Amino acid sequence: RGEGRGMVEHERTISSSSDDEVDVPTHKRGLRGMLLQYMLYDAFVRPQSWAFAPLNNEARERHWRAAIQRVCGETSGAVYVISNASELPSVPIFAASVIRDEGLASRFVNILEPRRPIAAALRACLKENNLDGLARVFPSSAAVFQPSRKAAEDAPGAIGKILLVPGVEDIATLGSALEDLKDAYDNLLAADAKVLPQSVSICAVGLTVPAQTDLVRAPLGNVSGFDLSPFNKFRGEAPVDLIRLRDIKSHAVTKVANMTNISLEEISAVGELPRSSAFDAFDAFELEMEVTADGEITAIALWTDCTMFDKVHSGGADQPSRRQMLSFLPKPLSVVEGSTVRLKGRYDASTGQFTFASSECSPDNSQTNSVVSMSVERWHFPMINDERRNSAYNRAIKVLRGQHVVDIGGGSGLLAMMAARAGAEQVVTVERVGDMAECASRVLEANGFGGKVSVVHGSSLNLKVPDLGFKGGLRPTVVLSEVLDDGLLGEGVIPTVAHARRELATPNALVIPAAAKVWAMVVNMPPQAEPIIMPSSSSPEDSPARRWAAYDTLRPPEVKKYTSVRLDRVKFMPLTAPFPVFGFDFDAPLDDPSSVADYCREQAVQVNSIAAGCANAVVFWFTLTLNRSGETDGLADICTYPAMTEKCGASGSSRCWNQALQFVKPIIVGRSGTTLTVPCAHSPTRMKFGDIVT
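For clarity, every value in this text was computed on a predicted model and none was experimentally measured.

Undergrad: Please explain the overall build of the protein chain as it appears in this structure.
TA: The secondary structure content of the protein chain amounts to 14 helices and 32 strands. Buried residues in the protein chain amount to 57% of all 694 residues. Nonlocal contacts in the protein chain, meaning residues at least 24 apart in sequence, comprise 80% of its contacts between residues at least 6 apart. Split by element, the accessible area of the protein chain, about 28100 Å² in all, is 49% carbon and sulfur.

Below, the structure is given as structure tokens:
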């Protein structure tokens, strides 16, 4: 469920106006060095899902192409593009193709891309699109690159007359983009150079953001009758999230305020604002907003609006391929309609984040908050806030009076407290993450369960019965868990439950959840401006998305398996009705093959199509039966795709899980009623689908 964030730009000390590599003596790398290099790339450079979203944003592409055509028609000379850490390079492709396709005056597009793996993929992308004769990629940054003062204006590495800075479109990279712009003025641009966008505005609005099942760290309070406020230590005092506003529950209580407007073509303005580091002028500032409704301001949302000639390209809520910055206040601020609210603000150049507080106190940018808030992944917040999930588990747990319960993957301690409240004799919650285990102890104490529920820090797979500490060395009579990812198996529910039943619990222990069933649909998923890392090979042959094939090498490894998606937020066309794939009985008899830790299966499922189209993906989700002892209607308790709750035979749904998506080789389904053969398999920790056959 986690979501990776951020990329770090790596600068090279050697730069020139040629992209030829300089031969220098190198030491042979050992295995450890190679592994370290890969880990650093994977952690800091490899693009995550949001970096792919702008590639298929057609409206953004039209905006850029029109502006590039106009500026190149009005201005001769070399074009430079400064890479943006939050996206894969698309603007350089737009620029080179406009120059070629519109018959503009000959010139080179010079691209500064300091991330070597991405620079290599960009070179391949230019070559595959027959643009390599018009563009040159330099593995350098504007701070160190030195153009050739003697080069002709239509030669690579010449003095820049036009600069494209897509980084200012993203509020998260605006500060670093302005730093790059300042360096470009110092190092590589002519005095009369043109810049796109020509100006950028920072917009802000005050919001009320309640606790919810989306990836925002709104403060926790009472959850299912328990005080979960100690868990707020993992928020930090004033967390800052990158989130698409249209995806979350919120409502505006102020008008949109224009914090500042920056002209990118005025050297004095640019040089004045960033000074020694981006936004030093924003080290401390005041934000004034007009209140439009009674209520509370819990967070400030920020984005950029970019102007290119007579068009404004907004990075606000209507922009599908961008996230906005959501900066929570340390404390909610009560406001009254018609009043004016004034907040103290601060910009932290090291993180690129804005923080705010009421005029009575100052925003806290301490590193401690950042470290604490990142020690536990953000998906814990929507999971804890999912009242549907919590209610279903609570109903299943109510029958545990007098039982000895082991709660595996206990997290905040919520399910363990439900068991104690239901009258369990003794409850032990096992948590692998040290910070989480410590916090669970605080939550238990705050709710009066410190003496009834004990916390064991460690992986349950490494524990023996004495490690649990049940009175008299007893074994637990109930195995309670929620170690389920969007694809069901990814958090290890099969080996976790199998080990607990064999090594820790009594032979006939009750297992919650007792069973699950994976459901799937064959769909057509078109390329779109969403955080979907779609391989180019899964798009039609004539699709514009095919031009990004060179970037397939940059996809995170896990995407080759499956990725997460909210199907109610993306465009797709079902080509089959939902069909069951595999059922899992976590409480199967211990002599049943399905109860072992290495349980695997494969099969080919045949299903009829309900529409014609290009089948290029399988989407899947699961239903969950929590406690068979309370089962009366044969319905599952939870369906993780709410729109399919009834069709999948469930009585309720949950929003804290997304659906899973796996792309397959595209195949044309000619008509409704076509029989499709879908290869399906699972290992102990992964669902997977093979290429579909008609």
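Undergrad: Just checking my understanding: could you explain the environment of Thr355 for this structure?
TA: Mapped onto the secondary structure, Thr355 falls in strand β17 (residues 353-358). The exposure class assigned to Thr355 is buried, which follows from its relative accessible area of 3%. Taking C-alpha positions, Thr355 is 7.5 Å from Leu329, a pair spaced 26 residues apart along the chain.

Undergrad: What is the right way to read the packing of helix α10 (residues 387-397) against helix α11 (residues 414-421) from this model?
TA: In a packed pair of helices, the relevant descriptors are the angle between the two axes and the axis-to-axis distance. Axis separation between α10 and α11 bottoms out at 9 Å; the angle between their running directions is 35 degrees. Judged by the twist between their axes, the crossing of α10 over α11 is right-handed. Residue-level contacts link Arg389, Asn390, Tyr393, Asn394 and Ile397 of α10 to Leu414, Leu415, Met418, Ala419 and Arg421 of α11. Of the residues belonging to the contact of α10 with α11, the class tally is 6 nonpolar, 2 polar and 2 charged.

Undergrad: It is not clear to me how unusual backbone geometry should be interpreted in this structure. Could you clarify?
TA: Leave glycine aside and you will find that most residues have negative phi; peptide bonds, for their part, are mostly trans. In the segment running from Leu196 into Pro197, the intervening peptide bond is cis, with an omega of -10 degrees. Position of Pro197 relative to the elements: it lies in the loop between β5 (189-196) and β6 (199-208). Residue Pro513 is bonded to the preceding Ile512 through a cis peptide linkage, with omega at 0 degrees. Positive phi, normally seen in glycine, also occurs at Leu488, with a value near 80 degrees.

Undergrad: Is there a simple way to explain the side chain of Gln426 in this structure?
TA: Mapped onto the elements of the fold, Gln426 is located in strand β19 (residues 426-431). Here Gln426 falls in the buried class, since its relative accessible area comes to 9%. Of note is the side chain of Gln426, whose polar atom sits 3.4 Å from the backbone oxygen of Gly469.

Undergrad: Help me understand the pattern of salt bridges in this model?
TA: Where charged atoms from two side chains of opposite charge approach closely, those side chains can pair. Applying the stated criterion across every chain yields a total of 29 salt bridges. Between Asp101 and Arg65 there is a salt bridge, with the nearest N and O atoms lying 3.8 Å from each other. Linking Asp101 in helix α4 (residues 91-101) with Arg65 in helix α3 (residues 58-74), this pair joins segments that are 36 residues apart in sequence. For Asp241, the salt bridge identified is with Arg378, shortest N-O distance 3.4 Å. Of this pair, Asp241 sits in strand β9 (residues 240-243) while Arg378 sits in the loop between α8 (367-374) and α9 (380-385), placing them 137 residues apart in sequence. Asp241 gets classed as buried once you look at its relative accessible area, which sits at 0%. Arg378 gets classed as buried once you look at its relative accessible area, which sits at 10%. Taken together, the salt bridges that share partners define one network made up of Asp214, Arg244, Arg246, Asp247, Glu530, Arg566 and Arg569.

Undergrad: In this structure, what is going on with helix α6 (residues 174-187)? I would like to understand it.
TA: Turn by turn, an α-helix covers 3.6 residues, leaving residues three or four places apart pointing in a common direction. The first and last C-alpha atoms of α6 sit 20 Å apart over 14 residues, in line with the 20 Å expected at 1.5 Å per residue. Taking burial as the measure, the 14 residues of α6 include 11 buried ones, the bulk of the element. Looking only at α6, the buried set comprises Leu174, Gly175, Ala177, Leu178, Glu179, Asp180, Leu181, Asp183, Ala184, Tyr185 and Asn187.

Undergrad: I'm lost on the nonpolar core in this one. Help?
TA: Most often, soluble globular proteins have nonpolar side chains that are buried together. Residues Leu326 and Phe584 are the most contacted members of the largest nonpolar core, which totals 93 residues. The element best represented in this core is α11, accounting for 7 residues. Non-local contacts of Phe584, meaning those with residues more than four positions away in its chain, are made with Leu488, Leu489, Ile494, Ala514, Ala515, Ala516, Val518, Tyr599, Arg601, His682 and Met687.

Undergrad: Sorry if this is basic, but what is going on with the pairing of β9 here?
TA: The side chains of a regular strand alternate between both faces of the sheet. The side-chain alternation of β9 yields two buried faces, one formed by Val240 and Leu242 and the other by Asp241 and Ile243. Here β9 runs beside strand β15 (residues 324-335); their pairing, made up of 4 bridges, is antiparallel. In the sheet register, Val240 faces β15, and the bridge partner there is Ser327.

Undergrad: Mind showing me how you'd approach the pairing of strand β21 (residues 478-481) here?
TA: Taking every second residue as pointing to the same face, both faces of β21 are buried, with Val478 and Leu480 on one and Val479 and Ser481 on the other. As paired strands, strand β18 (residues 404-408) and β21 are joined by 4 bridges and run parallel to one another. Of the residues in β21, the one forming a bridge with Asp407 is Leu480. Pairing between β21 and strand β22 (residues 510-512): 3 bridges, direction parallel. From the neighbouring strand, Leu480 faces β22, where its bridge partner is Ile512.

Undergrad: How should I be thinking about the sheet that holds strand β32 (residues 686-689) in this particular structure?
TA: Remark on secondary structure: sheet strands pair via backbone hydrogen bonds, oriented parallel or antiparallel. With respect to topology, 3 strands assemble into an open sheet ordered β27-β31-β32, the strand pairing being antiparallel. Of all strands in the sheet, those with a lone pairing partner are β27 (601-608) and β32, marking the two edges. Across the sheet, the mean angle from the axis of one strand to that of its neighbour is 25 degrees, orientation sign disregarded. Here strand β31 (residues 675-683) pairs with β32 via 4 bridges, running antiparallel. Each residue of the ladder has a partner; that of Ala681, found in β32, is Lys688.

Undergrad: How should the packing of aromatic side chains be read in this particular structure?
TA: Here the structure, examined in full by the defined rule, presents 16 aromatic pairs. Seen from their ring centres, Phe285 and Phe354 are 6.2 Å apart, and the 85 degrees between their planes marks the pair as edge-to-face. With Phe285 in strand β12 (residues 285-290) and Phe354 in strand β17, this pair connects stretches of sequence that are 69 residues apart. Owing to a relative accessible area of 13%, Phe285 belongs among the buried residues under this scheme. Owing to a relative accessible area of 1%, Phe354 belongs among the buried residues under this scheme. Consider the rings of Phe584 and Phe586, whose centres lie 6.5 Å apart with planes at 20 degrees: the pair is stacked. With a relative accessible area of 2%, Phe584 lands in the buried category. The exposure class assigned to Phe586 is buried, which follows from its relative accessible area of 8%. Across from the ring centre of Phe328, 5.3 Å away, lies the NZ or CZ of Arg235, which sits over that ring.

Undergrad: Would you mind showing me how to read the sheet that holds strand β16 (residues 340-348) here?
TA: Spatially, β12-β16-β17 is the arrangement adopted by the 3 strands of the open sheet, whose pairing is antiparallel. If you trace the sheet from one side to the other, it starts and ends with β12 and β17, each paired once. Sheet twist, expressed as the average angle between the axes of neighbouring strands with direction ignored, equals 35 degrees. Where β16 lies against β17, 6 bridges are found, and the strand directions are antiparallel. Its bridge partner being in β17, Arg346 is matched across the sheet by Thr355.

Cut-offs applied
- Residues numbered from 1 in each chain as written.
- Predicted model: local features only at pLDDT ≥ 70, side-chain atom pairs only at ≥ 80, totals over all residues.
- Heavy atoms only, no water.
- Helix = DSSP H or I, 4+ residues; strand = E, 2+ residues; numbered from the N terminus.
- Buried < 20%, exposed > 50% of the residue type's maximum accessible area, 1.4 Å probe, protein only.
- Contact = heavy atoms within 4.5 Å.
- Areas by Shrake-Rupley, 256 points an atom, 1.4 Å probe, with all protein chains shown as cover.
- Axes fitted to C-alpha atoms, helices over the stretch in contact; angles between N-to-C directions.
- Left-handed = near helix turned anticlockwise from the far one by under 90°.
- Nonpolar A, V, L, I, M, F, W, Y, C, P; charged D, E, K, R; others polar.
- Polar contact = N/O pair within 3.5 Å; in protein donor to acceptor, adjacent residues only side chain to side chain.
- Salt bridge = Lys/Arg side-chain N within 4 Å of Asp/Glu carboxyl O.
- Expected span 1.5 Å × (residues − 1).
- Core = buried A, V, L, I, M, F, W, Y, C linked by side-chain atoms within 4.5 Å.
- Pairing = 2+ DSSP bridges.
- Phe/Tyr/Trp six-rings, centres within 6.5 Å; stacked < 30°, edge-to-face > 60°.
- Lys NZ or Arg CZ within 6 Å of the ring centre and 35° of its normal.

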